[in-house]
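Here is how the chains run, residue by residue.
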Amino acid sequence: MRNNSEPTIFDLSSVGRNGYQLPESDVRGSEFPTEFAREDLAFPELSEQDVVRHYSRLSALNYHVDKGLYPLGSCTMKYNPKISEKTARLDGFTQLHPLQPTETVQGALFLIYDLQHILSEISGFTACSLVPAAGAQGEFCGVKMIAAHHAYKKQHQRKVMLIPDSAHGTNPATSAMCGYECMPVKTDSRGNIDLEDLASKCNKELAGIMITLPNTLGLFDENILKATAMVHKSGGLVYGDGANMNALLGIAWLSDLGFDVMHYNLHKTFSTPHGGGGPGAGAVCCNRLLEPYLPGPICEMIEEGTKDEPPFYGLYSPERTIGMVKAFYGHFTVLVRAYTYLRVLGANGLRRVAEYAALNANYLMQALKKTYPLPYDRTCIHEFVLDIKWEDAPDIRALDVAKRLMDFGYHPPTNYFPLIVHESLMIEPTETENKRTLDEFIEAMNSIAEDARHAPEMLRKAPSETPFGRMDEVKAARDLKLTA
Amino acid sequence: MYIPHSEAERDEMLAAIGIDKIDALFEAVPEKFRFPNLRLDPGRSEYEVELELKDIAKANLTVDEIPCFLGAGAYKHIIPAAVDAIISRSEFYTAYTPYQPEISQGTLQSIFEFQTLIARLTGMEAANASHYDGATACAEAGILALHHHRGKRSKILVSAGLNPMYRSTMRTYLQDLDGTKAESPQVMKKISEVSPDSLIEAIDEDTSLVMIQVPDFFGQIWDYSALVKAAHEKGALVAVCANPIALALLKSPGSMDADIVVGEGQPLGMPLSFGGPYLGFFAVRKELVRKMSGRIVGETVDARGQRGYVLTLTAREQHIRREKATSNICSNQGLNALTAAVYMSLMGKKGMQEVAQQCYEKAHYAARKISKIRGYKIVSHTPFFHEFAVRCPIPAFEVDEMLLNHGILG
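Residues numbered from 1 in each chain as written. Chains lettered and ligands numbered in written order. Predicted model: local features only at pLDDT ≥ 70, side-chain atom pairs only at ≥ 80, totals over all residues. Heavy atoms only, no water.

### Focus: the side chain of D197 of chain A
Residues and elements named next belong to chain A. For the record, the criterion: Strands are runs of DSSP state E lasting at least 2 residues, helices are runs of H or I lasting at least 4, and numbering of each runs from the N terminus. The classification of residues rests on relative accessible area computed with a 1.4 Å probe and restricted to protein chains. Under 20% of the type maximum is buried, over 50% is exposed, and intermediate values are partly exposed. Each polar contact in these results corresponds to two N or O atoms within 3.5 Å; when the atoms are within protein, one needs to be able to donate a hydrogen and the other to accept it, and residues that are neighboring in sequence are counted only if both atoms are side-chain atoms. By definition, residues are in contact when any of their heavy atoms lie within 4.5 Å.
With respect to the helices and strands, the residue D197 is situated in helix α7 (residues 195-201). Among the residues examined, D197 registers a relative accessible area of 11% and is labelled buried. A polar contact of 2.8 Å, which involves the side chain of D197, links it to the backbone nitrogen of K186. Beyond its immediate sequence surroundings of up to four residues, D197 is in contact with P184, V185 and K186.

Below, the structure written as structure tokens:
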């Protein structure tokens, strides 16, 4: 059988080959001092074409959104509009030094200002910081803001952060980084926060709760108003994990539902590309209570415009800010992409996103529940969770179904998350998939369900049609080889 | 926009679900809060939005239009055209995190190559798949050191020569960790206080990490071997925040016995982009690999015996360990790591060293010329790398204003 491995860039190197050109220096005459100079630098030597071909061949080994359906629950792998790539590459955005005088970057500052406003409006909140580099950092900022507020109010006994047992792993990790003790809250039989369990944990040690809405089962919590009111009543604050905001655009304001602060994942909800794992961007929005703690720099209008002069924008950090969380102002060219997308969509387009995300998810759910166990059987919003537990195919696990889907040309759904469903497959089609794609996916899933009974080895040895088979992960961790 | 269904298809799907209007899918949302009226402009065509963005872009003055002498953690370098051509391939930029290695070898192998290049550049044994930027990489170095000492050492010594934004970020990250405090013992008043030797006496039995920058914030290059030795004698770790272009010429921090090497990878092929997205690189000695946060790619074989790569040591990470994870980070700067790998592959040893050498020459040429102007004094000591501090006869911001009037970003 053909070996599909690509040689490493180091394997391809040949001494003396050259892939760069630089202008000649016209100011020679300064020698780097030898006592500080290194002896060797074991970098590859290749021509430009060598490098281009190597990475082009590697790229062909990737699955990606432009190739096909990516039903990854909670990751919102939707189509990334090409116009956003074009605008993000305008010289007027890429060729700006972050420390230029503000009068030379008024366009960039306006864009930040307007995006802060748009994201606040979508959440119903009054303020926004675009600084956080990713969702996890946005969470970190939000929880730090809650901590800073309790510290300001001298509520030092508030040490506990509540986290529903369906939450993302980042929630407990973030709380721990902010010095909090994490306490889980149970999920009830309808997939909502268990109010009785919540009540037993609301006391004067409560700092707050981190809620994902819709939750990671794809369900809108029917107890949300009661839950947030209970937390507020005992002096806690409510954090909104915005991972699933694609489901709520124009559908509800988190501010109305009792949340105090939230983050967005711009790479999910506002369709900036995932880039094979980043860069993302994680804006934080909040109400007036928490506004003084936002991470800066934030953009503000310093002078209103007149009919001859445009407004003048500047940067500031709020008075009791949690401090800097990274250098400069956020992932600016990611912000340009999100802004482009939002301007194309507008208010009407945003609500359609959420509506069609919900339509696609419910359509898939109704079709798949005929062949797959659905542990929480009620209208979902943008995603749903199956539980791979068949009595007549007891050895088949979620992992097997996931891997077999690759043979049908699909990226597998999120599996083994949320943790409350043991053999979970979490499916989020997003609004950008058409009916034909969904129907083909349903067919593939049905055919896999059939094979699970009659040809289970097809699942267990999957994938067999992909350029690579299952990887030996135990070997990777045992014989650690992290460099060539 | 971007929603493919025809009305007929939509109706068919509604019928399959058993409802007649999409609104019915949102009945769990409290009625009085359902469908708020967003006070935003209506959507516009792609073409109109493109014109609008071009107008916004035009309201900025770019470093292509006038010479730019700004540095301080973000640098304009020549970027080969092939870099953007490769990272613009949608096979790379529209891919997800490579959790499914069978269909993600492109991303995984390029990260593995990135890790290797960073390890070789820094002289360390291992590197991760990247952090958000230089600032957060410094903060994560602090967290690693505190975990390494299992909470028994609470102090982190931060050199006054570390970029002030990085120091600030470290403070934000470290201040709430149980029983720890990040200390910044020197204030950036006198440039003479920046030397690594001045840190030595502050190291004590409670010091978990000494954090320095090379070249430092003022561009200065130091011999920090005595500092490393002193820190190790007291049982503290040493982290070096390094400029990756400078490392092409400088003795590697690994050869100087550093435990952790971090830095801002933006100079490796990324445009300035008004501050981001950039790339935090993070490299360590072998013994610290399991304490390093962030994604790590390792080599292995697949079921057919082919060489391949996977995300490994995931038991450190938030999706497995939750509140006991080494960090809450769950992404890496995937596309930026690819950018850096492509840049370093194109430049090779010779190109990297040529870039560094030219930066060095040009900075020293400018410093020689400026020092001859009456009233200006170069305050960074030699050798400095590609930036230096100047004391001006009038307030610096006034000099900058006048430079801008002359069409120069000072």
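That shown, we press on.
### Remarks on the interface of chain A and chain B
Cut-off, in case you're wondering: Accessible-area loss on putting two parts together, using a 1.4 Å probe and summing over both, is the definition of buried area adopted here. Basic side-chain nitrogens of Lys or Arg form a salt bridge, by our definition, when they fall within 4 Å of a carboxyl oxygen of Asp or Glu. Put simply, Ala, Val, Leu, Ile, Met, Phe, Trp, Tyr, Cys and Pro go in the nonpolar bin, Asp, Glu, Lys and Arg in the charged bin, and everything else, Gly too, in the polar bin.
Counting residues at the interface gives 195 residues for chain A and 180 residues for chain B. Of the roughly 16,500 Å² buried at the junction of chain A and chain B (both faces included), carbon and sulfur atoms supply 63%. It is R38, F43 and L482 of chain A in chain A that bury the most area against chain B; as a group they hold 5% of the surface buried on that side. If you look at where chain A meets chain B, you find 14 salt bridges. The tally of links between chain A and chain B comes to 92 residue pairs in polar contact (both at pLDDT 80 or more). For the side of chain A that touches chain B, the element with the highest residue contribution is helix α10 (residues 332-368) of chain A, accounting for 26 residues. Of the residues belonging to the side of chain A that touches chain B, the class tally is 102 nonpolar, 56 polar and 37 charged.

### Looking at the domain arrangement of chain B
Residues and elements named next belong to chain B. What counts is decided by this rule: Just so you know, the domain bounds were taken from an automatic or database domain assignment.
Along its sequence, chain B is organised into domain 1 (7-57), domain 2 (83-342) and domain 3 (350-405). Just the C-alpha atoms count here: the centres of domain 2 and domain 3 sit 28 Å apart. The interface is formed by 15 residues belonging to domain 2 together with 15 residues belonging to domain 3. Between domain 2 and domain 3 the total buried area reaches about 1,200 Å² when both faces are included, carbon and sulfur atoms providing 70% of it. Here domain 2 and domain 3 share 0 salt bridges between them. There are 6 residue pairs in polar contact (both at pLDDT 80 or more) connecting domain 2 and domain 3. Residue classes in the side of domain 2 that touches domain 3 are distributed as 12 nonpolar, 3 polar and no charged.

### A few points about a negative patch on the surface
The condition is simple: Nonpolar side chains (Val, Leu, Ile, Met, Phe, Trp, Tyr) are joined into patches within 5 Å and like charges within 9 Å, using only residues with over 30% relative accessible area and no salt bridge. Note on areas: Shrake-Rupley, 1.4 Å probe, and residue coverage restricted to the protein chains presented here. By the counting scheme adopted, Arg and Lys are positive, Glu and Asp are negative, and His together with the chain ends is not counted. Just so you know, the charge point we use is NZ for Lys, CZ for Arg, CG for Asp and CD for Glu.
Taken together, E103 of chain A together with E398, D400 and E401 of chain B make up a surface patch of like negative charges. By secondary structure assignment, the location of D400 of chain B is in helix α12 (residues 396-405). For D400 of chain B, a relative accessible area of 34% translates into the label partly exposed.

### A closer look at unusual backbone geometry
The omega angle of the peptide bond from G296 of chain A to P297 of chain A is -5°, so this bond is cis rather than trans. Relative to the helices and strands, P297 of chain A is located in the loop between β7 (284-286) and β8 (298-303). Note the cis peptide between T382 of chain B and P383 of chain B, where omega equals 0°. Looking at where P383 of chain B falls in the secondary structure, it is placed in the loop between β10 (377-378) and β11 (390-391). Its identity as a non-glycine residue notwithstanding, K154 of chain A has a phi of 60°, on the positive side. Among the structural elements, K154 of chain A can be located in the loop between α5 (135-152) and β2 (160-164). Assessed through its relative accessible area of 64%, K154 of chain A is described here as exposed.

### Describing the pairing of strand β6 (residues 260-264) of chain B
All names here are of chain B. Put simply, the rule reads: By definition, two strands form a pair when at least two bridges between them are found by DSSP.
Across the 5 residues of β6, 5 count as buried, placing the element largely inside the fold. Residues of β6 alternate between two faces, with I260, V262 and E264 on one and V261 and G263 on the opposite face, all of them buried. The pairing of strand β5 (residues 237-242) with β6 spans 3 bridges and is parallel. Paired with C241 across the two strands is V262, which belongs to β6. Relative to strand β7 (residues 280-284), β6 is paired through 5 bridges, and the arrangement is antiparallel. Within the sheet, the bridge partner assigned to V262 lies in β7 and is F282.

### Quick word on the sheet that holds strand β1 (residues 127-129) of chain A
All names here are of chain A. Inclusion rule: Lines fitted to C-alpha atoms define the axes, with helix axes restricted to the stretch in contact, and inter-axis angles between N-to-C directions lie between 0 and 180 degrees.
Strand order in the open sheet formed by 7 strands is β1-β7-β6-β5-β4-β2-β3, with mixed pairing between adjacent strands. Two strands bound the open sheet, and with one partner strand each, they are β1 and β3 (181-185). This sheet shows a mean twist of 25° between the axes of neighbouring strands, independent of strand direction. Both β1 and β7 contribute to a ladder of 3 bridges, which runs antiparallel. Within the sheet, the bridge partner assigned to S129 lies in β7 and is V284. Running over the sheet, α5 touches β2, β4 (206-212), β5 (237-242), β6 (261-264) and β7 and is turned about 175° from β5. Docked against the sheet, helix α6 (residues 170-177) engages β2, β3, β4 and β5, running at close to 175° with respect to β2.

### Things to note about the nonpolar core
Rules: Throughout, nonpolar core names a set of buried Ala, Val, Leu, Ile, Met, Phe, Trp, Tyr and Cys residues whose side chains join them through atoms within 4.5 Å.
L119, I122 and F270 of chain A are the most contacted members of the largest nonpolar core, which has 201 residues in total. Element by element, the count of residues in this core is highest for α10 of chain A, at 23 residues. With sequence-adjacent residues up to four places away left out, F270 of chain A is seen in contact with L119, I122, L249, Y264, N265, A338, Y341, L342 and L350 of chain A. Residues I212, V240, I245 and F281 of chain B belong to the second largest nonpolar core, which totals 74 residues.

### A few points about the state of the cysteines
As a reminder, the rule being used: By convention in this document, the label disulfide applies to cysteine sulfur atom pairs within 2.5 Å.
All told, the structure shown has 0 disulfides over all chains when counted by the stated rule. A disulfide-free cysteine, C241 of chain B has its sulfur positioned 3.9 Å from the sulfur of C138 of chain B, the nearest such atom.

### Section: the pattern of salt bridges
All chains considered together, the criterion is met by 47 salt bridges over all chains. R89 of chain A is the partner of E85 of chain A in a salt bridge, and the nearest nitrogen-oxygen pair spans 2.9 Å. Of the charged contacts, one joins K54 of chain B and E50 of chain B as a salt bridge, the two residues approaching to 3.2 Å between their closest N and O atoms. On the criterion of helical spacing, the pair formed by K54 of chain B and E50 of chain B is a turn pair, its members being 4 residues apart in helix α2 (residues 46-58). Overall, the relative accessible area of 33% leaves K54 of chain B in the partly exposed class. Through salt bridges with shared partners, a single ionic network connects E85, R89 and R337 of chain A together with D84 of chain B.

### As for the sheet that holds strand β10 (residues 384-387) of chain A
Residue and element names in this part refer to chain A. Taken in spatial order, the 3 strands of this open sheet run β10-β12-β11, and their pairing is antiparallel. Bordering the open sheet on either side are β10 and β11 (414-415), each of which pairs with just one other strand. Bridge count for β11 against strand β12 (residues 424-427) is 2 bridges, and the pairing is antiparallel. Within the sheet, the bridge partner assigned to T414 lies in β12 and is M426. Against the sheet, α10 engages β10 and β12, with an angle of about 20° to β10.

### Regarding the packing of aromatic side chains
As a reminder of what qualifies: Pairs were defined over the aromatic rings of Phe, Tyr and Trp, the Trp ring being its six-membered one, requiring ring centres within 6.5 Å. Orientation was assigned from the angle between planes: stacked under 30 degrees, edge-to-face over 60, tilted for the rest.
A complete count under the given rule lists 21 aromatic pairs over all chains for this structure. Both rings, one in F332 of chain A and one in F274 of chain B, keep their centres 5.3 Å apart while their planes meet at 75°; by these two values the pair is edge-to-face. Of this pair, F332 of chain A sits in helix α10 while F274 of chain B sits in the loop between β6 and β7, placing the two residues on different chains. Each member of the pair, F332 of chain A together with F274 of chain B, is buried. Ring geometry for F112 of chain B against Y309 of chain B: centres 4.6 Å apart, planes inclined by 40°, an arrangement best described as tilted.

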